[in-house]
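Spelled out from the first residue to the last, the chains are:
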Amino acid sequence: MNLPSITRAYLAGMTDGEGYIGITLVRKGEKKHWGLEKDATFRAEINITSTNKSIIKWIGSLCDGYVDGRDHSQPNRKRSYAWEARKTNQCASFLKLVYPYLKIKKPQADVLLRFLQTFNEPRKRRGIVRGKPTVSEAIHDKRAQLYMRIRELNMRGTNRNALETTRQEILSLGFKI
């Protein structure tokens, strides 16, 4: 995708101010994953949220992903809209566009890029699940480590107890971090 630099800079500013760059923990049963040997796996995620529907639709027209509207449970809050990318190729192409212009979320982008690279690493042929080779323990563990790092970067406030709870959950799922 060839967008003007001013558009790419604007998308980066929206990401820095209204966006999220992260890795999501997906527990077994929430979604089927080919090559899943653990009770959970990880997914890349980037989103930009706003109460302005037109700006989110505009982002959706420029970038792969999808646009979603969300109602809030509190009656005094406006409806919000989000553009989201959850597929590895969508996240990679979006980061390629905005990376040079990111200011605040560049550390998260660095971690997510390392996470996305794990999908290009050779898979050990320990087994075949639905025609695809399973992911090695080393790759699962590397993804878990990157998940913990991005959680740390995205953590709000100074309460480290939530981070320790997440760490214990990851260990209980069988990952080595």
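Our subject is the structure listed above.
Residues numbered from 1 in each chain as written. Predicted model: local features only at pLDDT ≥ 70, side-chain atom pairs only at ≥ 80, totals over all residues. Heavy atoms only, no water.

**Student:** Any chance you could explain the packing of helix 1 (residues 5-18) against helix 2 (residues 53-62) here in plain terms?
**Tutor:** What describes two packed helices is the angle between their axes and the distance between those same axes. The N-to-C vectors of helix 1 and helix 2 enclose an angle of 125°; their axes lie 12 Å apart at closest approach. For the element pair helix 1 / helix 2, the angle class is oblique. For the crossing formed where helix 1 meets helix 2, the hand is left-handed. Contacts from Thr 7, Tyr 10, Leu 11 and Met 14 of helix 1 reach helix 2 at Ile 55, Trp 58, Ile 59 and Leu 62. (Axes fitted to C-alpha atoms, helices over the stretch in contact; angles between N-to-C directions. Helix = DSSP H or I, 4+ residues; strand = E, 2+ residues; numbered from the N terminus. Parallel < 35°, antiparallel > 145°, perpendicular 65-115°, else oblique. Left-handed = near helix turned anticlockwise from the far one by under 90°. Contact = heavy atoms within 4.5 Å.)

**Student:** What's the story with the packing of helix 4 (residues 106-117) against helix 5 (residues 137-154) in this structure? I'm lost.
**Tutor:** Across the interface, helix 4 lies against helix 5 with an axial gap of 10 Å and an inter-helix angle of 170°. Comparing the axis directions of helix 4 and helix 5 gives the class roughly antiparallel. The way helix 4 lies across helix 5 gives a crossing that is left-handed. Facing helix 4, whose interface residues are Pro 107, Gln 108, Val 111, Leu 112, Arg 114 and Phe 115, helix 5 presents Arg 143, Leu 146, Arg 149, Ile 150, Leu 153 and Asn 154. Across the contact of helix 4 with helix 5, the residue classes break down as seven nonpolar, two polar and three charged. (Nonpolar A, V, L, I, M, F, W, Y, C, P; charged D, E, K, R; others polar.)

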